[in-house]
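Descriptive structure summary
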Amino acid sequence: MNPSVCSSRREFLWQSGLMATALAGRHAQGANSVPVIDCHAHVGHAPALEDPWTTFADPEEILRRNQEANIDQSVIFPISNDTFEKANQEIADVCRRYPGHFIGYAKHDPNKEKGRIRAMLLHECHDLGLRGLKLHEQPGPEILDVVAELGIPIIYHPHRVAMFDEIARNYPTVDFMLAHLGSDLSADWREHLAGIEMARRYPNVYLDTGAVVMTRYIEQAIHELGAEKVIFGSDEPEVDCRLEIFKIRMLKLSKQQEELILGGNLQRLLSKYRGRKI
Amino acid sequence: MSVVDCHALAGKGVTWADPEREVDYDPSQLLEQSIQAGIDRVCILSPRTADYQAANRYIAHVCEQHRDKVIGFAVHSPEREAGRIRQMLTEEVKSMGLQAVRSDGHPTRELLDTAADLHIPVIYYPKRRPGQGPGHFYHMIASAYPQVRFVLPHLGEYRSETWWGHIEALDLVKRYSNVYVDTSGIGSLKYLEMAVRELPAERILFATFAPELDPRVGVETIRLMKLPPREYAEVMGGNILEMLQGGQS
């Protein structure tokens with residue numbers, strides 16, 4: 001699809017419809033009966049200019065690699081900013097610019113944006129069309145109450161996996177995805193094991209496979225928990241989705257297992273959205 | 001084309017990836033995984049251990065058992081084994097057939113002089129404090145020993161822990177004609193894409209770090225670089241074989 005900017009809401013809806021038709025056609029032809037969705041990608045600008053993840057993440061770079069890897073859609077959220085009102089607006093803009101290719105999530109800092117998050121998140125879901133939340137810091141009731149109300153999933157990269165325990169137990173209706181299977185780039189393999197235990201303990205905890213270097217833990221998670229608890233992710237554009245999806249496909253899972261991991265599980269979580277639609 | 005993994009592991013010890021995890025890498029399992037990944041030959045070395053003399057003997061023993069499949073490298077600790085390295089390494093190369101040495105710690109003149117005399121490459125991944133990259137450790141050894149070929153594993157930064165570690169590795173390869181990089185355990189492939197764009201293909205060596213990491217991922221990593229056939233063949237095996245043949249001349 002031509003990634004041109006949509007000049008109006010009508011054009012956006014028309015292009016979305018075209019994209020949906022194209023995807024449906026592709027699935028009907030047997031390419032995939034469930035769309036392949038990357039649950040973890042970053043897009044947009046940040047002011048700090050210190051690292052790639054505080055500078056710019058290019059959506060077109062992701063689209064190029066998605067096409068090569070046969071990934072239909074990516075969940076996108078901002079890179080590291082101090083606060084996220086502007087960055088979340090940019091996510092919504094990118095979703096509109098490339099209709100059908102991206103599912104937008106908001107990102108928030110529970111400490112720096114304290115007291116304002118409920119209103120912002122309602123606006124971002126109801127008016128901007130965002131459908132999930134990315135976190136790096138432990139959320140409190142301010143966030144978790146509104147997330148439960150909206151029925152959106154949280155993808156959370158905690159400092160320690162153990163931090164999931166309290167939130168997953170106290171908010172059983174909220175679906176949590178543990179980013180990087182508990183340890184970004186497998187920096188601490190013990191955290192992968194802790195992540196598997198956390199997902200075993202709580203029905204509402206799922207494991208994102210993005211940027212797992214020690215791939216045996218992905219295999220272990222699927223073996224011990226079943227494909228229903230594992231969700232494909234990449235951490236694009238810093239981590240290459242072509243290699244991340246290879247890490248799933250090389251496992252030679254059954255078609256049903258692969259469909260769940262590559263898109264089915266996430267589709268199920270996203271379908272729980274209870275907020276207002278645009 | 002011969003596919004040769006220039007960095008794999010066999011034997012008991014503590015993994016190079018984590019100072020607290022004991023491992024026992026089974027060479028039969030490694031070979032099985034490697035064959036499955038389409039790899040013809042594997043260069044193996046020991047994990048970290050208190051007794052490298054025994055570990056290197058074990059590596060030589062595995063090579064004897066799998067003569068066509070395995071190439072053995074020695075490992076030594078320049079600090080702990082100071083004064084004994086020349087004698088041990090010479091025996092390991094000349095009598096036991098090992099073909100390179102990994103330095104567990106910053107290489108000393110004793111280790112580098114011996115490697116130079118034996119015409120064998122030195123594999124060295126610097127252990128560093130936060131804020132230090134490979135450049136901090138490589139400038140002096142690479143410039144003082146131009147006759148020694150150094151292999152910097154993981155494109156300079158295991159698991160891409162810092163992005164600038166990769167950039168420093170690229171700079172080192174450009175500056176010193178005796179520095180090579182291996183492709184194992186890279187988390188962020190865009191730096192390998194930079195490497196294949198900016199460096200001569202003959203300075204990049206295919207590696208997997210198996211069985212610590214899955215060799216199929218290592219092979220796919222290079223496939224994704226879309227190298228022209230000649231460069232692909234060089235990276236996948238030609239370069240390391242040429243480097244090792246240099247040591248046997």
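Basis of the calculations
Residues numbered from 1 in each chain as written. Chains lettered and ligands numbered in written order. Predicted model: local features only at pLDDT ≥ 70, side-chain atom pairs only at ≥ 80, totals over all residues. Heavy atoms only, no water. pLDDT = per-residue confidence, 0-100. Contact = heavy atoms within 4.5 Å. Pairing = 2+ DSSP bridges. Helix = DSSP H or I, 4+ residues; strand = E, 2+ residues; numbered from the N terminus. Axes fitted to C-alpha atoms, helices over the stretch in contact; angles between N-to-C directions. Buried < 20%, exposed > 50% of the residue type's maximum accessible area, 1.4 Å probe, protein only. Arc of directions from axis to C-beta. Buried area = accessible area lost by both parts, 1.4 Å probe. Salt bridge = Lys/Arg side-chain N within 4 Å of Asp/Glu carboxyl O. Polar contact = N/O pair within 3.5 Å; in protein donor to acceptor, adjacent residues only side chain to side chain.

**Some words on the confidence of the model for chain A**
Chain-level pLDDT for chain A is 91 on average; 88% of the residues reach the 70-or-more range. Contacts for the low-pLDDT stretch residues 1-30 of chain A, under 50 throughout, to residues beyond four places or in other chains number 37 contacts.

**Re the sheet that holds strand 5 (residues 102-104) of chain A**
Residue and element names in this part refer to chain A. The 3 strands lie next to each other as 1-4-5, forming an open sheet whose pairing is parallel. Only two strands of the sheet have a single neighbouring strand rather than two, namely strand 1 (37-42) and strand 5. Direction aside, the axes of adjacent strands within the sheet are offset by 30° on average. As paired strands, strand 1 and strand 4 (residues 73-77) are joined by 4 bridges and run parallel to one another. In the strand pairing of strand 4, Ile37 is matched with Gln73. Across the face of the sheet, helix 3 (residues 85-97) comes into contact with strand 4 and strand 5 while running at roughly 155° to strand 5. Strand contacts of helix 10 (residues 255-270): strand 1, strand 4 and strand 5, with the helix running at about 75° to strand 1, the strand carrying the most contacts.

**A few points about the pairing of strand 1 (residues 4-9) of chain B**
All names here are of chain B. In terms of residue burial, strand 1 counts as a mostly covered element, since 6 of its 6 residues are buried. Here strand 1 pairs with strand 4 (residues 41-45) via 4 bridges, running parallel. If you follow Val4 over to strand 4, its bridge partner there is Arg41.

**Brief notes about helix 8 (residues 216-225) of chain A**
Residue and element names in this part refer to chain A. Buried within helix 8 are the following residues: Tyr217, Ile218, Ala221, Ile222 and Leu225. Buried positions in helix 8, seen along its axis, are confined to an arc of 140° and lie on one side of it. On its buried face, helix 8 is in contact with helix 7 (189-201), strand 10 (205-208), strand 11 (230-231), helix 9 (241-249) and helix 10. Two residues or fewer after helix 8 comes Gly226, characterised by a positive phi angle close to 95°.

**Thoughts on the interface of chain A and chain B**
Contacts between chain A and chain B engage 24 residues on the former and 22 residues on the latter. Between chain A and chain B lies a buried interface of about 2000 Å² when both sides are counted; carbon and sulfur atoms form 53% of it. Our count for the chain A to chain B interface comes out at 5 salt bridges. We note a salt bridge from B:Lys190 to A:Glu238, for which the minimum N-O separation is 2.3 Å. Counting across the interface, chain A meets chain B through 12 residue pairs in polar contact (both at pLDDT 80 or more). Residue contributions to the side of chain A that touches chain B peak at 4 residues, all from helix 9 of chain A.

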